[in-house]
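Here is what each chain is made of, one letter per residue.
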Amino acid sequence: MINIHCFTFSPFAENTYLLYDETGACVVIDPGCLAQSEKETLSDFIRDHKLEVKALLQTHTHLDHVFGSAYIKRKFSVKMYMHRLDLPVLADVESRCRLWGIGGYEPVEPDEFLEEGQSFTFGNSSLEIIHVPGHAPGHIAFISHNERFIIGGDCLFRRSIGRTDFPLCSHEDLMNSIRTKFFTLPDDYIVYAGHMDPTTIGEEKKFNPFFRN
Ligand SMILES: [Zn+2]
Ligand SMILES: [Zn+2]
C-alpha cells in the first residue's frame, strides 16, 4: 500500500510528493522546497513518520521542481534520478532563477537516468516509468498500477495542461503525450500533478477544455 503525501511549496505553488509504503521505504518526487522552513517541513515529516528515503525522483527539472533537490540528496544521502533528455533544462535552472529574481537555489547533478519501460522499486512497491515529452523534453511520469494512480508532473492538470511557452517545450508533443500516454490509462486512475489538485483520467477526458471537441 503506497501512501502519498503532498506538500505545496514555494511561490510557484509546486506539489512535492512523498511516496512511502508499509516498510517505511520512501521516495521524494520533485522537491520544490525553497525556504529553509519548507525544507524543514519536509524533513520533519520524514523523521516523524520514521521513513527511510531511498531515492530522489524527478518528473522533470524546471526550477520549481528542483529547488530542494540538492538538499534532499545531501540530507538523506540518496541518488537523484531523471530522464537524460532533461539535462539541458536542468543546466538552465540557475539562469532561470536569476531571471525570476529567485535566490537560494543550490545547483544539483543527477546520479542515474530513467527511461520509459523501466520500473522503479522501493520497499514492496513499484512504479512504472513513461516518457511524456512536451512540457519538458525529458519529462517522465510514475505509474502505480496496483494503486491506480499516476504522478504526472506538469503535463495534465485538473481542467488544464502544462505550459509550453518555455524554452525546449513543444505543445504538439505535450498534446500527443497526454492523448497517447495519459488518456490510454483506465478512467479511474488518479492523476497527482505538479500543481493544483488531483484529478482522474476519466474526469479530464470529459471536462478538460483542451480536449473537448
Ligand atoms: Zn514544469
Ligand atoms: Zn511546475
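Reference entry: report on the structure contained in this document. The shown structure was predicted, so the numbers you read here are calculated from the model rather than taken from an experiment.

Attention shifts here to the coordination of the zinc ion (ligand 2). Within the protein, Asp-64 (OD), His-65 (NE2), Asp-154 (OD) and His-195 (NE2) serve as the donor atoms for the zinc ion (ligand 2), at 2.1 to 2.4 Å. Separating the zinc ion (ligand 2) from the zinc ion (ligand 1) is a gap of 3.4 Å, bridged by Asp-154, which donates to each. The exposure class assigned to Asp-64 is buried, which follows from its relative accessible area of 6%. Residue classification places His-65 among the buried positions, given a relative accessible area of 0%.

Turning to the coordination of the zinc ion (ligand 1), a few remarks are in order. Note on metal geometry: ideal angles are 109.5 degrees for four donors arranged tetrahedrally and 90 or 180 degrees for six donors arranged octahedrally. For the zinc ion (ligand 1), every protein donor is listed as His-60 (NE2), His-62 (ND1), His-135 (NE2) and Asp-154 (OD), and the spread of their distances is 2.1 to 2.4 Å. Taken together, the four donor atoms surrounding the zinc ion (ligand 1) define angles of 85 to 174° at the centre, an arrangement classified as irregular. Considered as a linear motif, the donors of the zinc ion (ligand 1) on their single chain read H-x1-H-x72-H-x18-D. The class of His-62 is buried, set by a relative accessible area of 10%.

Take Cys-169: it is sitting in the loop between β12 (160–161) and α6 (171–182). According to the relative accessible area criterion, Cys-169 is buried, its value standing at 18%. Once the C-alpha coordinates of Cys-169 and His-135 are considered, the two residues, 34 residues apart in sequence, prove to be 5.0 Å apart. Apart from residues lying up to four places away in sequence, Cys-169 is in contact with Gly-134, His-135, Arg-163 and Thr-164.

Of all hydrophobic cores here, the largest spans 30 residues; its most connected members are Leu-18, Leu-42, Phe-67, Leu-90 and Tyr-105. The residues touching Tyr-105, leaving out its near neighbours within four places in the chain, are Val-66, Phe-67, Leu-90, Val-93, Glu-94 and Cys-97. Ranked by size, the runner-up nonpolar core spans 19 residues in total, among them Ile-2, Tyr-17, Leu-114 and Phe-122.

Parameters and conventions
- Residues numbered from 1 in each chain as written.
- Chains lettered and ligands numbered in written order.
- Predicted model: local features only at pLDDT ≥ 70, side-chain atom pairs only at ≥ 80, totals over all residues.
- Heavy atoms only, no water.
- Donors = N, O, S within 2.8 Å, 3.2 Å for Na, K, Ca; no water.
- Buried < 20%, exposed > 50% of the residue type's maximum accessible area, 1.4 Å probe, protein only.
- Tetrahedral: all angles 85-135°; square planar, octahedral: opposite > 155°, others 65-115°.
- Helix = DSSP H or I, 4+ residues; strand = E, 2+ residues; numbered from the N terminus.
- Contact = heavy atoms within 4.5 Å.
- Core = buried A, V, L, I, M, F, W, Y, C linked by side-chain atoms within 4.5 Å.

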